[in-house]
Structure formats: C-alpha cells, structure tokens
Amino acid sequence: MASVLWFQGGACSGNTMSFLNADEPNVVDLITDFGLDLLWHPSLGLELGDNAQRLFNDCATGKKPLDIFVYEGTVMNGPNGSGRYDMFAARPMKDWVTALAAQAGVVVAIGDCASWGGIPATAPNPTDSTGLQFHKRERGGFLGANFRSKIGLPVINVPGCPAHPDWITQIIVALATGRAGDIALDELHRPQTFFKTFTQTGCTRVQYFEYKQATTSFGDGTRKGCLFYEFGCRGPMTHSPCNRILWNRQSSKTRAGMPCTGCTEPEYPFFDLAPGTVFKTQKVSGVIPQEVPEGTDHLTYMAHAAAARIAAPQWSKEDMFVV
Amino acid sequence: MTAVDLFVSPLGRVEGDLDVRVTIENGVVTSAWTEAAMFRGFEIILQGKDPQAGLIVTPRICGICGGSHLYKSCYALDVAWRTHVPPNATRIRNIAQACETLQSIPRYFYALFAIDLTNKNYARSSMYDEAVRRFAPYVGTSYGPGVVMSGKPVEVYAIFGGQWPHSSFMVPGGVMCAPTLSDVTRSIAILEHWRDNWLEKYWLGCSVDRWLANKSWDDVLAWVDENESQHDSDCGFFIRYCMDVGLDKYGQGVGNYFATGTYLHPDLYENPTIEGRNAALINRSGIYVNGEYSEFDQARVAEDVTHSFYEGTRPLHPFEGETRPIDPEVGRKQGKYSFAKSPRYDIPGLGYIPLEAGPLARRIAAAGPGAASHQDNDPLFLDMVQRIGPSVMVRQLARMHEAPKYYKWARQWLNEIDLKESFYDKPVERAEGKGFGATEAARGALADWIVISGGKIANYQVVTPTAWNIGPRDSRETLGPIEQALVGSPIVDQEDPVELGHVARSFDSCLVCTVHAYDGKGRELSKFVINGAV
C-alpha cells in the first residue's frame, strides 16, 4: 500500500478537479482497488482519527513513511521571501514543502504551477511564485537543480493547465505498482510516455496542416483548416498527448476549434500575455510564422510550405467537420 | 495560529486557505472571523496585458468554476468591444456554463458536504447508520456513483470547449467551435445518461418534472411521503435527516441576498450592454434586502478593504478598484485579518451592506416580481424562507434544486442549436473601452470589470461569490455573510462543534476551511478542518 499526501500551494484546484474526472481508474477505484493510502488531500474528506497537523509533522520528520508527495500549485516566496502569501497549518507552505520533499520516496508536481510556476509566476510575478524544481525553463525552482527524492528521482513533472486525469492517475498507479523504474523522464522531468509526442500528434486538423491550409475565422470558420497559421496554435511546438488521450473522453481543444496555448511547456502563458499575443500567430514580415514546428527552420519551412500549397488537393480547401 | 488547548476533529485539524475563528459562550457562537490565508495576485498580473488575457487567466482563479470565469470574462469583453454575439453562440455558452454547474452539484454534495453527515455526533439519530451507508467517503453506496457521475456533464463541456477544466473557447463575438450533428446528439445522450443514472435514480427517486412541480414547502413535504421511491431517494433521505438532526434550524445568515443572474437569452442579448443585461437574463438577477426586492445594478457594488490585507482607505467600485497587497504580519497590526476583500452593495438608506451570494440567493431572485415570459419564475424557495427560514438545509436544497432545472434548460438549448447558422461574428478589437460581465458560478454571483486603454488592460477586477460570502468585516465593523451565519449557531459539543462545519460548508466557498473555536476568554477550545474545493 503506497501512502500519498497531496498538498496545494498557490493553486486553483484545477488539477484536483481534473483528477476527479478520471476513469480507469476513477478516484474511488484508486482508493479501493489499488489500495492507495491517501493520507490527506485538501478536497477529499477523509476522517483522520488523529491530529492532522501531527500527521504532517510525522511525515515531515520521517516518523511516518511517505511514499508519494503530490504537490499542486506554485511555491510562494513572497512577500519579501517570507512565504506569508500562502500560510498553511501554522507555517508558510514553502516550509512544509522543504520538509516533506526531503522525506518523500517520490515527489510529483501536478500541473504547471507546481512544475514551473505557471500563471501565478507570469510577470510581474506578484507573489514571487516558482515551481518545485524549475522556474519556467530554468533549472532550480524551489528545491534546487540537484534535488533527488529518497528513491533517487528528481521531481516528476506532470505539467498542463490542468494536467489530464490520466497523466495523473497512470503515474500514481505506476508508482503504486512498483513501476517507478519504467518512468523515463525528458530533460524537463516530464514522463516521456506522455510528453514525447506533440499536441499535434493525432490532431484531426493535421491534414490541413500538411497542405498549409489555414482556418481564417473562429466559429463556423473552424469547420476547416489548421489553427497554426492565424490563431497562434502551438500544437506543432508543444509536447503533450492531448490528441492521443482525449479530454473528458470526448475531445481536445484543437479538435473543438481552440488553438493550443502550449500549456504543458514551461513558458506558458507564452509572451507573458503581452498585447497582441493572445490567440494570434506571431509573424515575421507579416506572413511567416515567427515560430515554426520543432526541429525545422524558416528556410526549410518556407520551401516545404510552398511545395505543400502547390500539392494541396481541393478537399483541403473545403469544410471537413460538417453538419 | 495560537497554541491549542484541545483538538477535536471530525475531519482533520489544520489551517487551510480559509481559517474561521469563532467565540463560543454558553453553548452558542457569539462572534466569528473568516480569514482567507492565500493571495495569488491575478488582478495584478492582468494589468498591461492583452485585452483577451482574462479569457486565459481568470478561469485559473478557480479550477471548479473556471467555465464560469470564462463566461463572464467573455461578456465583459463583449460589452467593452461592443460585439455582436450570434444566438447560437449564446446557446453554446449557456450549455457550457450549465454543464459546469451540473458537474459541481453532485461533486460538491457527496465529496464535500455529505460526508459531514456521517459525523459521529449524529450517532444518536435513528437514521445515522443509513447516512453512513450512503455517504461514507469512497465506500458509501451513493458516494461512489455521485462522485464518478459528476464527471459526465463536463464531457458535454469538452465536446464544445475541448476540455474541462480550463478551456478558453468563448471569445468576444461568439465561440470558437462549430458543432457537428454528432456533437449535439452525443451531448444529448450524455445528459440523458446522467439524468437516468444519477439525477433521477439516486437523487430524486422520481422524474425531473415531478420534482419541479413542487412550488411550496408543503409540496416538498408531501413529495417526501408520496411514495417509497421519493422517501428513500438521497433527496428524500436528506430532507428527513436534516429535520431529524436539526440542520433546518441554524445557519440563517444575513437574510439579504444578491444574484447577478446568468444564462442570457439567445435572441435578447445579441449586442451585449450593461443596461440591457438584466432584462435579457433567463436565470434572473436581483437584490432582496429586508424582504424588499430591487433591481441589481453593478454601479452599486464596492469593495471594502478595512480588514483585508490590502492598502486602501475607502470602498471602491471595481472600475476604480485597486489590488495592493501588504504583508499579513504588517496588516494584522492594523486590524486586518484576511486576503479576501469585503464586497458590499449600496442600498439607499442603508449604505453599503453585505449580501449573501449563492444558489439560495438565485432562488430568491427567481421568485421576485415582474418576470418576463422568458425568465425563470419559481416561488419555491421564497416560500421555504418565509415558512421555515433560511438554514443549512434550505441552502443545500436550493443548490440541489438547480440540477433538474439546469438539466432541462441545457437540453432545451441543445435542441435550439441551428447547425447551419453562425457561431461567431468577428469583432472590432477596440483600443479603448470598459466592460462588465457576470454570471452565476455554482456557488454564486461572479463578475468582472475590465478597463481597456491603449489596446491593453488598464484595470481588471474580479469579484467572486466566495469573496461576497467569506469576506471579513467592513469599515462599519459589520460582519460578512458567513461570519454572520455562524453567530447564533448552537454548539452541542464544544469539543466537536460539527455545527460550524455545516454552516461554513453550506456556502460552498471555494476554500479549504479551518474552524477554530474559542471560549469567551480567548482560549482555543478546538480546531478542525473542513475540506473544500479551493
């Protein structure tokens, strides 16, 4: 039986809400079938029998073994390094994080905030927020680049705003069933089983992308085209399985006509939401996308695009997602 | 907090994001303080940003009502940019907003509220064993189905918005999606499945229409005894259990209510304005103070920071609102005790007063005079409040009453979608403008005020239902709604004051909440945690 303690720092609870949407296993299965010993979670009421603060202290001092420490939300350092913008159980949350991370078998950051600071860390970062082991793309974060948990792993980052319930539950099940060794991480400490592929992998608009055919309007305009050219879709530059493992078992943002905002990457929200950057592709000379798909360059991209447009069949200029 | 003499807890005992301190004298709560213990600074982040940044940032204020944040932030931009919103887009926005609330109703009830009903203090009730059998965490016969089925309505949200939580698919001028035939048919099938397998099977024990035929408290009592299925449904059981253990007797609150209303009529709000909003609402707005109804006017809202950890000297309307946080250690020396501001509403002759937001406030607004033919006109909860007074039970029933109601509306809007008509009308992105947008999140009135200047956000203020309800005292030392609701609560067992948990929880504030009980001499008696949804 794996013991789990789930804390929320500078969080909106979105990852918890996402987690509660889980199926196979759903949250009840996770407890009853996988014998997860959920010591405490802020939204899931469990009778504790004993003093919760003592429980936290026992976990923090190593008296009670803590297998998995799940953290949702940023670590807040403000104001002035005190951490008092986020008080929890009589002390700044950041002090709990220091103590619990040192004792946990594995530390899992759920969501962007815990992974790299997310929206609260957007300029001007009024709460001096940061992620557990990254600050945006920079290594370090709150725990430092060299942090390793008791079983020798860095913080496992399960980013996303929010993370998909499967990304959360499958990692917990992997840890709970002794498969920690199978969790291969990328350079941003994300499990590769989920984050090697691109958001674009499996996107229903990928044939429009292949022939460089743009969606030119929201609403009925999204019956055709790819959102990359005009609406700032980051699907080709973002690593996630959003179009492999569908959201709420139904769809994904890009399928529904919403551009990917790149929320599994450390820079999210991109360009710090500066004027002119929201839902708009940033362009060079007014036509060429400033950012091109990962691994290519502007020259190659333009040559490929020109050829693709010539090759574009008539159907690629017409509505596909019709009534 | 301070040293603790005694811990007794039904749930756990730590401070969360919301600390509630109460003084208990002679078995009754005599005063209360609600202290929000976290600050995230979203309004500061939004300053100077792209006008549409609120569509991305504000949903992240709250993961359980992010769709509501999106809904109102989009309308604030529609007003500021003077857009045209096609009726189809309004229908999709309404469906999405309704489905988020339909998710919240069972999730909140079983995962957060009903587990308190299994508190050992109720073991004296002859119905206690049945309460435990149904509502015990994870293993309760209703807990599992209720929590798991709560994920179904947001599958419909994902069909139109791509995902839930945290889509930003509503944009000024409409929505990003253009549904196909199967998107609509699948959505209908999901809602029917949810109605069959949770709403009617577990909660009501009868058809949606049978429940909605209840127009008075007498009707509800008759409904409970009408047949075995209704009597033994979770709703029938809940009503009987509340009356058995006394949840119909306390948690009255300020007795004055505030609803911004929601669900714009698709044909009546194609050109969103502040002035045209009230008349276009389906779920009405309204103010109910000392038994008198008045029309909601956003100009009468102000936020007081006298006891909040912010700089500021007087109540400010949100268009002029400021968010300048100060270190709680410094603030406490100035008598401040919460990161929540204190929203207040200006009533002629009374000045700025606290009002309760939430499902009960919406239900009171729905019973007001002057409903147009397209507006909800439902006398049930005004009758209940007049007959038996507001209480923990009445507040809960108001929330649950919205499940059948919103289900029916969502089905109707799905039927009305015209797949061949437009879902978006591209707006002019104006460099200057002011906008107000509002909705009703599951837990109450939610509104944004945006000022756009020079093509970027000059000011952005969000006033949440949680702030309306958990906000601290104001400059006149008037208590906030939850503070007021706690006062007068009878405490049977000072060492395990579960009554306080019920009162605080019945507001469904988006915060993990800790209650600290003190005696008249300032000694801490006990402390326990009410788990929340942040």
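Residues numbered from 1 in each chain as written. Chains lettered and ligands numbered in written order. Predicted model: local features only at pLDDT ≥ 70, side-chain atom pairs only at ≥ 80, totals over all residues. Heavy atoms only, no water.

A. Region of the structure containing the overall build of chain B. Each helix and strand in chain B was counted, giving 20 helices and 17 strands. In terms of overall dimensions, chain B is globule-like: its C-alpha atoms have a radius of gyration of 22 Å, near the 24 Å expected for 534 residues. Reported as C-alpha extents along the three principal axes, the dimensions of chain B are approximately 65 × 60 × 40 Å. Burial status across chain B gives 71% buried among its 534 residues. Once local pairs closer than 6 in sequence are excluded, the contacts in chain B between residues at least 24 apart make up 71%. For chain B, the accessible surface area stands at approximately 15400 Å², while carbon and sulfur atoms represent 49% of it. (Helix = DSSP H or I, 4+ residues; strand = E, 2+ residues; numbered from the N terminus. Rg over C-alpha atoms; globule rule 2.2 N^0.38 Å. Buried < 20%, exposed > 50% of the residue type's maximum accessible area, 1.4 Å probe, protein only. Contact = heavy atoms within 4.5 Å. Areas by Shrake-Rupley, 256 points an atom, 1.4 Å probe, with all protein chains shown as cover.)

B. Looking closely at the overall build of chain A. A count of helical and extended segments in chain A gives ten helices and 13 strands. For a compact globule of 323 residues, the expected C-alpha radius of gyration is about 20 Å, and chain A comes in at 21 Å, within 12% of that figure. On the principal axes, the C-alpha backbone points of chain A span a range of 70 × 45 × 35 Å. The buried share of chain A, taken over its 323 residues, is 63%. A separation of at least 24 residues holds for 69% of the contacts in chain A among residues at least 6 apart in sequence.

C. Geometry of unusual backbone geometry. Residues and elements named next belong to chain A. Cis rather than trans, the peptide bond between cysteine 161 and proline 162 has omega equal to 0 degrees. On the secondary structure map, proline 162 appears in the loop between strand 11 (156-158) and helix 6 (165-176). Of note, the bond from tyrosine 268 into proline 269 is cis; its omega dihedral lies within 30 degrees of zero at -5 degrees. Topologically, proline 269 is positioned in the loop between helix 9 (253-256) and strand 12 (283-284). Backbone geometry at asparagine 248 places phi at a positive 50 degrees, although glycine is not the residue there. With a phi angle near 60 degrees, phenylalanine 279 is a residue other than glycine that sits in the positive phi range. Among the secondary structure elements, phenylalanine 279 is positioned in the loop between helix 9 and strand 12.

D. Molecular detail of a negative patch on the surface. On the surface, a cluster of negative charge is made up of A:Asp220, A:Glu318, A:Asp319, B:Asp418 and B:Glu421. Looking at the element boundaries, B:Asp418 is found in the loop between helix 17 (392-416) and strand 13 (433-441). (Patch = residues over 30% accessible without salt bridge, like charges linked within 9 Å, V, L, I, M, F, W, Y side chains within 5 Å. Salt bridge = Lys/Arg side-chain N within 4 Å of Asp/Glu carboxyl O. Lys, Arg positive; Asp, Glu negative; His and termini not counted. Charge placed at Lys NZ, Arg CZ, Asp CG, Glu CD.)

E. Representation of the packing of aromatic side chains in the model. Residues and elements named next belong to chain B. All told, the structure shown has 64 aromatic pairs over all chains when counted by the stated rule. Considering the side-chain rings of tyrosine 257 and tyrosine 288, the 6.3 Å spacing of their centres and the 35 degrees angle between planes classify their relative orientation as tilted. Residue tyrosine 257 is located in strand 5 (residues 257-259), and its partner tyrosine 288 is located in strand 8 (residues 286-289); the two are separated by 31 residues in the primary sequence. Take tyrosine 257: its relative accessible area is 1%, and that puts it in the buried class. What makes tyrosine 288 buried here is its relative accessible area of 10%. Three or more aromatic residues joined by ring pairs form one cluster here, namely Tyr108, Phe109, Tyr110, Phe113, Tyr122, Phe135, Trp194, Trp198, Trp203, Phe237, Phe238 and Tyr241. Cation over ring: arginine 93 sits above tyrosine 75, and NZ or CZ is 4.6 Å from the ring centre. (Phe/Tyr/Trp six-rings, centres within 6.5 Å; stacked < 30°, edge-to-face > 60°. Lys NZ or Arg CZ within 6 Å of the ring centre and 35° of its normal.)

F. A look at the nonpolar core. Counting 201 residues, the largest nonpolar core has B:Phe109, B:Phe160, B:Phe169, B:Trp198 and B:Trp203 as the members making the most contacts within it. When residues of this core are assigned to their parent elements, the largest contribution, 14 residues, is made by helix 4 (residues 87-113) of chain B. Not counting the four nearest positions on each side in its chain, B:Phe160 is found in contact with A:Ala256, B:Ile92, B:Ile95, B:Phe169, B:Cys177, B:Pro179, B:Asp183, B:Ser187, B:Leu414 and B:Ile417. A:Ala60, A:Ala89, A:Leu100 and A:Val107 belong to the second-largest nonpolar core, a separate cluster that totals 28 residues. (Core = buried A, V, L, I, M, F, W, Y, C linked by side-chain atoms within 4.5 Å.)

G. Summary view of the environment of A:Gln282. Residues and elements named next belong to chain A. Within the fold, glutamine 282 resides in the loop between helix 9 and strand 12. For the pair glutamine 282 and threonine 264, spaced 18 residues apart in sequence, the C-alpha separation works out to 19 Å. With residues near it in sequence (within four places) discarded, glutamine 282 still touches Phe271, Gly276, Thr277, Ile288, Pro289 and Gln290. A polar contact is formed between the side chain of glutamine 282 and the backbone oxygen of lysine 280, at a distance of 3.0 Å. (Polar contact = N/O pair within 3.5 Å; in protein donor to acceptor, adjacent residues only side chain to side chain.)

H. Representation of the sheet that holds strand 15 (residues 456-463) of chain B within the structure. Residue and element names in this part refer to chain B. Across the sheet, three strands lie side by side as 13-14-15; this open sheet has antiparallel pairing. Edge strands, defined here as strands with exactly one partner in the open sheet, are strand 13 and strand 15. Across the sheet, the mean angle separating the axes of adjacent strands is 15 degrees when strand polarity is ignored. Judged from the nine bridges that link them, strand 13 and strand 14 (residues 444-453) form a sheet pairing that is antiparallel. In the sheet register, lysine 434 faces strand 14, and the bridge partner there is valine 451. Running over the sheet, helix 3 (residues 66-81) touches strand 13, strand 14 and strand 15 and is turned about 155 degrees from strand 13. (Pairing = 2+ DSSP bridges. Axes fitted to C-alpha atoms, helices over the stretch in contact; angles between N-to-C directions.)

I. Local environment of the sheet that holds strand 9 (residues 292-294) of chain B. All names here are of chain B. As summarised here, the arrangement of the three strands in space is 5-8-9, forming an open sheet in which the pairing is antiparallel. The open sheet terminates on both sides in strands that have one partner only, identified here as strand 5 and strand 9. For this sheet, the mean angle separating the axes of adjacent strands, direction not counted, is 15 degrees. As paired elements, strand 5 and strand 8 share three bridges and run antiparallel to each other.

J. Looking closely at the packing of helix 5 (residues 128-135) of chain B against helix 12 (residues 234-245) of chain B. Residues and elements named next belong to chain B. Where helix 5 contacts helix 12, the two axes come as close as 11 Å, and the packing angle between them is 140 degrees. The orientation of helix 5 with respect to helix 12, classified from their angle, is oblique. The element helix 5 and its partner helix 12 pack so that their crossing is left-handed. Touching Tyr128, Glu130, Ala131, Arg134 and Phe135 of helix 5 are Asp234, Phe237 and Tyr241, all from helix 12. Of the residues assigned to the contact of helix 5 with helix 12, the class counts are five nonpolar, no polar and three charged. (Parallel < 35°, antiparallel > 145°, perpendicular 65-115°, else oblique. Left-handed = near helix turned anticlockwise from the far one by under 90°. Nonpolar A, V, L, I, M, F, W, Y, C, P; charged D, E, K, R; others polar.)

K. Summary view of the packing of helix 16 (residues 380-388) of chain B against helix 17 of chain B. Residue and element names in this part refer to chain B. Between helix 16 and helix 17, whose axes approach to 11 Å, the crossing angle comes to 170 degrees. For the element pair helix 16 / helix 17, the angle class is roughly antiparallel. For the pair formed by helix 16 and helix 17, the contact residues are Leu380, Phe381, Met384, Val385 and Ile388 on the first element and Met393, Val394, Leu397, Ala398 and His401 on the second. For the contact of helix 16 with helix 17, a count of residues per class yields nine nonpolar, one polar and no charged.

L. Seen up close, the interface of chain A and chain B. Listed by partner, the interface residues are 81 residues for chain A and 87 residues for chain B. Both faces considered, chain A and chain B share a buried interface measuring about 6700 Å² in area, 60% of it formed by carbon and sulfur atoms. Inspection of the region where chain A meets chain B yields four salt bridges. A salt bridge links A:Lys280 to B:Glu429; its shortest N-O distance comes to 3.0 Å. Counting the contacts that link chain A with chain B gives 27 residue pairs in polar contact (both at pLDDT 80 or more). Those elements that provide at least two residues to the side of chain A that touches chain B are helix 1 (14-19), helix 2 (27-32), strand 2 (37-40), helix 3 (52-61), strand 5 (87-88) and helix 9 of chain A. Here the residues of the side of chain A that touches chain B are counted per class, giving 43 nonpolar, 28 polar and ten charged. (Buried area = accessible area lost by both parts, 1.4 Å probe.)

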